[in-house]
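Here is how the chains run, residue by residue.
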Amino acid sequence: MELPEELKFIVNGRMPQKKTTARIDGRVCVITGTTSGVGLAAARRIAKGGADLILVCRNQNKASIVKDELEKDYHVNVNVVIADFADLKQVRRASSIILENYPRIDFLINNIGIHNTSRKLSVDEFEAVFQVNHLASFLFTRLLLNRVLESSPSRILYVNSEGHRFGGLDLNDLNWLRRRYSGFQSYGASKIAQLLTIWELSEQLAESGMTINAMHPGGVRTNIGMNNGLLYRFYQRYFLYLFLSNTEISAEAIYYLIASPELDKVSGKFFNQTIEEKPAIYALDREIVKKVWKISDQLTGLTS
Ligand SMILES: NC(=O)c1ccc[n+]([C@@H]2O[C@H](COP(=O)([O-])OP(=O)(O)OC[C@H]3O[C@@H](n4cnc5c(N)ncnc54)[C@H](OP(=O)(O)O)[C@@H]3O)[C@@H](O)[C@H]2O)c1
């Protein structure tokens, strides 16, 4: 029996995934959050494919270790730019450094992501998950956009999540002041906002030669959520981990989505690893696309 489109996400993750052996020698990839998990594995795979990397991370020591490893193992150029995405000033500074120093960006991968079980505020006083996962990546992408466009054919890829299906986006309560905080739903809200702005950007730039897509990297063993309380960390490490995969599956999927010639002209899509999939209905709501775009513009200071 064939599942309806809406439910295919249940099985897609277990389907055989696509891979590519295409090489991307000498091309330049900006990737955020490479000090652990999905981002680290993806950076290794991209370096193996031959691209130079700009790693955008918040921790200089951890990032330097990754840089040294990639340069030693894959003989590509790797640079580090430091930014804490909980602070939009730092996102702006990182974008300026990149624009000043790197004349092309062939690939931009927005990977940084967090999951909080209790409500916290960012430096800019937004709910932290919404800022780190959505607002900061939105700002970062917009500030680098012209450079990515000038480098076209180029690709932007968001590491999104099946977690967008948790819902939770309420444009009248982005800071969770009127609702009881839910870690799953705040995560869902941030990932839905990402998706809605991706559709908008894809439409705006349809003829540009640049593509923009989103993907779920699989359920994989990483550090996400390990900033939460002891109980949650215990549950994750000693229970959840039993059901999760190695981050190599995420890395192969990300590499396929940025390097495969099969996706040269594919834009505005959501992939479960490498399988194109229909997102949840509320992530397809064209009515709120423009609203999310405008609010994100305002909150990040792109328009006052
Ligand atoms: N793991 C999964 O099963 C899964 C499933 C679906 C989607 N995802 C998505 O995959 C992406 C990567 O997450 P992960 O699972 O690999 O988690 P992870 O191991 O915790 O990696 C997250 C990365 O983001 C960085 N980061 C976190 N907060 C930051 C901030 N405020 N400023 C700058 N960098 C920050 C971390 O840096 P530090 O090392 O300094 O903390 C780390 O490099 C996220 O977008 C997540 O939503 C993961």
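1. Side note on the side chain of Thr20
Argument step 1. Relative to the helices and strands, Thr20 is located in the loop between helix H1 (9-12) and strand S1 (28-32).
Argument step 2. Of note is the side chain of Thr20, whose polar atom sits 3.0 Å from the backbone nitrogen of Ala22.
Argument step 3. Those residues in contact with Thr20, other than ones at most four positions away along the chain, are Arg45, Tyr255, Tyr256, Ala259, Ser260 and Pro261.

2. Quick look at unusual backbone geometry
Argument step 1. For the bond running from Ser152 to Pro153, omega is 10°, close enough to zero to count as cis.
Argument step 2. The topology assignment puts Pro153 in the loop between helix H5 (128-150) and strand S5 (154-159).
Argument step 3. With a phi angle near 55°, His75 is a residue other than glycine that sits in the positive phi range.
Argument step 4. Note that His75 resides in the loop between helix H3 (60-74) and strand S3 (78-82).
Argument step 5. Take His75: its relative accessible area is 68%, and that puts it in the exposed class.

3. Overview of helix H4 (residues 88-101)
Argument step 1. With 14 residues, H4 ought to run about 20 Å at 1.5 Å a step, and its terminal C-alpha atoms sit 20 Å apart, in line with that.
Argument step 2. Of the positions making up H4, those classed as buried are Leu88, Val91, Ala94, Ser95 and Ile98. Down the axis of H4, the buried set is contained in an arc of 115°. They therefore lie on one face. In H4, the exposed positions angled more than 90 degrees off the buried face are occupied by Lys89 and Glu100.
Argument step 3. Where H4 is buried, its residues touch S1, strand S2 (52-57), S3, H5 and helix H9 (286-299).
Argument step 4. In this structure Asp87 caps H4, since a side-chain oxygen of it lies 3.1 Å from the backbone nitrogen of Lys89.

4. Comments concerning the environment of Thr197
Argument step 1. Turning to its location among the elements, Thr197 is positioned in helix H6 (residues 183-204).
Argument step 2. On the accessibility criterion, Thr197 (3% relative accessible area) is buried.
Argument step 3. Sequence separation between Thr197 and Ala283 is 86 residues, and the spatial gap between their C-alpha atoms is 9.9 Å.
Argument step 4. For Thr197, the side chain forms a polar contact with the main-chain oxygen of Gln194, separated by 2.9 Å.

5. Section: the environment of Arg178
Argument step 1. Residue placement: Arg178 occurs in the loop between S5 and H6.
Argument step 2. On the accessibility criterion, Arg178 (67% relative accessible area) is exposed.
Argument step 3. Among residues more than four places away in sequence, those in contact with Arg178 are Asn172 and Asp173.
Argument step 4. Among the polar contacts made by the side chain of Arg178, one reaches the main-chain carbonyl oxygen of Asn172 at a distance of 3.3 Å.

6. Structural notes on the sheet that holds S2
Argument step 1. An order of S3-S2-S1-S4-S5-S6-S7-S8 is seen for the 8 strands of this open sheet, with the pairing classed as mixed. Each having just a single partner strand, S3 and strand S8 (275-277) make up the two edges of the open sheet. Taking the axes of each pair of neighbouring strands and ignoring which way they run, one obtains an average angle of 25° across the sheet.
Argument step 2. Bridge count for strand S4 (residues 107-110) against S5 is 4 bridges, and the pairing is parallel. By the bridge assignment for S5, Asn110 is matched with Tyr158.
Argument step 3. Of the strands in this sheet, S1, S2, S4, S5 and strand S6 (210-216) are in contact with H5, which crosses S5 at around 165°.

7. A look at the confidence of the model for the chain
When pLDDT is low, close inspection of the predicted coordinates is not appropriate.
Argument step 1. For the chain, the mean per-residue pLDDT works out to 96, and 100% of the residues sit at or above 70.
Argument step 2. No element of the chain has a lower mean pLDDT than helix H7 (residues 230-238), which averages 91, and none a higher one than S1, which averages 99.

8. Side note on the environment of Ala259
Argument step 1. Inspection of the secondary structure puts Ala259 in helix H8 (residues 248-259).
Argument step 2. A residue is classified by how much of its surface remains accessible, and Ala259, at 10% relative accessible area, is buried.
Argument step 3. Here the alpha-carbon distance between Ala259 and Glu100, two residues 159 residues apart in the chain, equals 26 Å.

What counts, and where the lines are drawn
- Residues numbered from 1 in each chain as written.
- Predicted model: local features only at pLDDT ≥ 70, side-chain atom pairs only at ≥ 80, totals over all residues.
- Heavy atoms only, no water.
- Helix = DSSP H or I, 4+ residues; strand = E, 2+ residues; numbered from the N terminus.
- Polar contact = N/O pair within 3.5 Å; in protein donor to acceptor, adjacent residues only side chain to side chain.
- Contact = heavy atoms within 4.5 Å.
- Buried < 20%, exposed > 50% of the residue type's maximum accessible area, 1.4 Å probe, protein only.
- Expected span 1.5 Å × (residues − 1).
- Arc of directions from axis to C-beta.
- Pairing = 2+ DSSP bridges.
- Axes fitted to C-alpha atoms, helices over the stretch in contact; angles between N-to-C directions.
- pLDDT = per-residue confidence, 0-100.

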